[in-house]
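# What the coordinates show
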Amino acid sequence: MAQVKLTLPDGSTMEVAAGTTALQVAEQIGPRLAKAALAAKVNTDVVDLSTAIERDADFAVLTFESPEGQEVYRHSAAHIMADAVLRLFPEAKPTIGPAIAEGFYYDFDVHKPFTDDDLARIEAEMAKIIDADLRFERQEVSAAEARALFEARDNSYKVEMIDELEEHDEQTISLYRHGDFTDLCRGPHVPSTGKIVAFKLTSVAGAYWRGDERNPMLQRIYGTAYPERKLLEEHLERIEEAKQRDHRKLGRELKLFSIFEEAGAGLVYYHPNGAMLRQIVTDFTIREHLKRGYQLVRTPHLLKSTIWEISGHAQQNYPMYYTRIEEQSYGIKPMNCPGHILIYNSDTRSYRDLPIRYFELGTVYRHERSGVLHGLLRVRGFTQDDAHIFCTPEQLTDEIVGVIEFAQDMLTTFGFNEYKVLLATRPDNAMGSDEMWQHGIDALGAALDQCNMDYQIAPKDGAFYGPKIDIALKDALGRLWDGPTIQCDFNMPERFDMSYVGADGQEHRPVMLHRVVLAGIERFLGALIENCAGNFPTWLAPVQVRILPITDRNVPYADEIAEQLREEDLRVEVDRESATLQAKIRGAELMKIPYMLVVGDREEQSGQVAVRSREEGDLGPRSLEEFLEHARVEAAMPHAAR
RNA sequence: GCCCACGUAGCUCAGUAGGCAGAGCGUGUCCUUGGUAAGGACAAGGUCACCGGUUCGAUUCCGGUCGUGGGCUCCA
């Protein structure tokens, strides 16, 4: 019998008889691996363990350790869930059910939404299916056969998917069956339902078919699955811990901000601590912009609606607010670009002036739909660290590199190490010539490469007016929120007839870049709070030092120390409560204040302070000067890493 | 905006099968003046989100509005 040569992930090779299944290969490598095996990877294809290997290939056994293995595992769990749902609700129509980052979901068309009680029943039914250890079997049929199968079940969703597969020239349609449940599915799957050890259905939600709100709303059940009970429990604990870092919870506890129901959804009120935090962040941002050759500008919140007609926002029905002043319609700005363009256009610009970089902490209002509002992460009124760069086509790549580096520096300085970068390309409804688009995309891509950024292409995800780079930050629960963005704009310069005089004495159209680094300050603060769990580094902490007098006798000394620290521009407060030292320490710890200075009779006599740090606890007594030497450094605004 | 769940004291939450509303924390006063994460006593705090309906009577049941949470979509 013919032998085939397999190259394993460690680079070693092994020979097996042609026709050997992936599972048999795993068994030959080792019994433990075979037991943990969920699927296999042959060259670049992820396949069932029952797949026979017919020719030489790169070969890897996939376990739960690998992302692909997790995906297979959870996708199989989704099938089991769909089976359980159909057993309990025979009229339900399964649509799609993929694995996602931390679990899986399945969308069903049902007459009545699922309740929490239903989830428990579905879980119980899933347990039965798992106990029965039913084999997952792959079956390949023609599109016609597949269509007949799902038409018989009156499942138009699956029929629609089969039609699309056919359009994409798929030769055969694969089905996966376990027990009496058969689903349209590319696969692969784990060998049998018994492989699923620990699972939990976490929530029900509405979701539109294909994510389009014009389509019917389906009922989505979310769940997750792990090969060990312990891993599932750890996952659930992680979620609990993440909830402790939720910026909405910390915002209340640390007295940072409020959103008042009676005053309007999505509108933020900063309390003294939050306003201080915000001020430090924006002061820092302004300084960093000035360092990088940006010029500060400032534009009004109201512009005549005629401006929004020129910009095109009015015609596009951009979700903005309008008001009337003496019979004139005004729009409340949802973005700052028109204002910056007016300033640019107020004078004749030469190529020698470019690039021009206008920067503004611009407060904008957008009518975000009620269902999407979320703490500070999605609001209706927010302030952007917004800039517009006007440059020549030749300057474009350098300008983009400058912004990417700026964004990297700022994210690093604020402690964000995890983010996702997307380069969005031309959508179907785009305006502008192919050349312009290609120039923009090339410039963005070249800049990303020059900055050694890992990025993914988001095809057709650009704005209609130009391609863009989006950088997304993660919140406590791992959800992504758009942060820095750099957008090329081929539309506005046309609409506002912008120009500069070139070296040739002719008028030219400048290239325009929209960019935000922190993005929405509100959103940035929300992400910042979650990222550091409210333990702001000393330079950002709204209160840097709290002085804790042990008895009322020591209050005047505490005040004296506070005065000296304020002279040094430290943010200090004195705890005057008639409470025990323990209680005062607890209070300061709960407020996550970086330094506590305990002052009692002993300190008063020696002229010292007893330092306690949030991170390191009791550091013992020292002179005020000694504390200050250290605190001055920590409290100083950093120079962005670069 | 759409689907589901929810809205009781400043916060976290009990409770009322329709009959005068509860706890802990926090706050105030008093006592206590203490040495590195909660000292004690007493007190004040609620049109049970808002508006309407059913009812002898609604915080509780029904409808609407506003808001919140988890999703969908969109976006900084």
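The following paragraphs examine the structure supplied in this document.

### Comments concerning empty space enclosed by the protein
This model, assessed by the stated rule, comprises 1 cavity of 30 Å³ or more. What the largest cavity holds in volume is close to 50 Å³. Leu256, Phe257, Tyr270, Gly274, Leu277, Leu376, Leu525 and Ile529 are the residues that line the largest cavity. Of all elements in the fold, only α9 (272–291) and α15 (521–531) reach the threshold of two or more residues within the lining of the largest cavity. Residues that form the lining of the largest cavity fall into these classes: 7 nonpolar, 1 polar and no charged.

### Some words on the protein's contact with RNA strand B
Not every one of the 57 residues close to RNA strand B is listed here, only the nearest: Gly211, Arg378, Ile550, Arg586 and Glu603. Between arginine 378 and RNA strand B, the recorded distance is 2.4 Å, taken from a side-chain N or O atom to a base nitrogen. Here a phosphate oxygen of RNA strand B and a side-chain polar atom of threonine 580 are 2.7 Å apart. In terms of residue count, helix α17 (residues 581–590) provides more of the surface near RNA strand B than any other element does, 7 residues in total.

### A look at the sheet that holds strand β19 (residues 302–304)
Adjacent strands of a sheet form backbone hydrogen bonds with each other and so pair up, either parallel or antiparallel. The antiparallel open sheet is built from 3 strands, whose spatial order is β19-β21-β20. Two strands close off the open sheet at either side, each with one partner strand: β19 and β20 (322–325). Between one strand axis and the next, the sheet turns through 40° on average, direction left out of account. Two strands pair when backbone bridges link them, and β20 and strand β21 (residues 328–332) are joined in this way by 4 bridges, in the antiparallel orientation. If you follow tyrosine 322 over to β21, its bridge partner there is glycine 331.

### So, unusual backbone geometry
In the segment running from glycine 187 into proline 188, the intervening peptide bond is cis, with an omega of -5°. By the secondary structure assignment, proline 188 is in the loop between β13 (181–184) and β14 (198–208). The omega angle of the peptide bond from leucine 354 to proline 355 is 0°, so this bond is cis rather than trans. Mapped onto the secondary structure, proline 355 falls in the loop between α11 (337–345) and β22 (356–365). Positive phi, close to 55°, is recorded for asparagine 43, a residue that is not glycine. Relative to the elements of secondary structure, asparagine 43 occurs in the loop between β4 (39–42) and β5 (45–47). Despite not being glycine, aspartate 569 has its phi angle at roughly 65°, a positive value. Topologically, aspartate 569 is positioned in the loop between α16 (555–567) and β32 (572–574). Under the relative-accessibility criterion, aspartate 569 is labelled exposed at 65%.

Rules of the game
- Along each chain, the written sequence defines residue order, and numbers are assigned to residues from 1.
- Think of it this way: whatever chain is written first is A, whatever ligand is written first is 1, and the rest follow in order.
- Where local features are concerned, this predicted model is filtered to residues with pLDDT of at least 70; where side-chain atom pairs are given and counted, the filter is 80 or more; whole-chain, interface and lining totals use all residues.
- Water and hydrogen atoms play no part in the side-chain values, which are based on all heavy atoms of the structure.
- A 1.4 Å probe that fits but cannot get out identifies a cavity on a 1 Å grid over protein atoms alone, an open set with protein on both sides within 12 Å along at least five of seven lines counts as a pocket, and a residue lines either if it has an atom within 4 Å of a point.
- Grid points are joined across faces, edges and corners, and a volume is the space filled by probe spheres set on the points.
- In this text, helices come from DSSP runs of H or I with a minimum length of four residues, and strands from runs of E with a minimum of two, each type numbered from the N-terminal end.
- Throughout, the ten residues Ala, Val, Leu, Ile, Met, Phe, Trp, Tyr, Cys and Pro are labelled nonpolar, Asp, Glu, Lys and Arg are labelled charged, and all others, Gly among them, are labelled polar.
- Near is defined per residue: the residue qualifies when any heavy atom it owns lies within 4 Å of the molecule or strand.
- Polar contact is defined as a pair of N or O atoms within 3.5 Å, subject to the rule that within protein one atom must be able to donate a hydrogen and the other to accept it, and that residues adjacent in sequence are counted only when both atoms are side-chain atoms.
- Think of it this way: DSSP has to see at least two bridges between two strands before they count as a pair.
- All axes are obtained by fitting lines to C-alpha atoms, using only the stretch in contact for helices, and the reported angles, taken between N-to-C directions, cover 0 to 180 degrees.
- Buried residues are those whose accessible area, probed at 1.4 Å on protein chains only, stays under 20% of the maximum for their type, while exposed residues exceed 50% and partly exposed ones sit between those limits.

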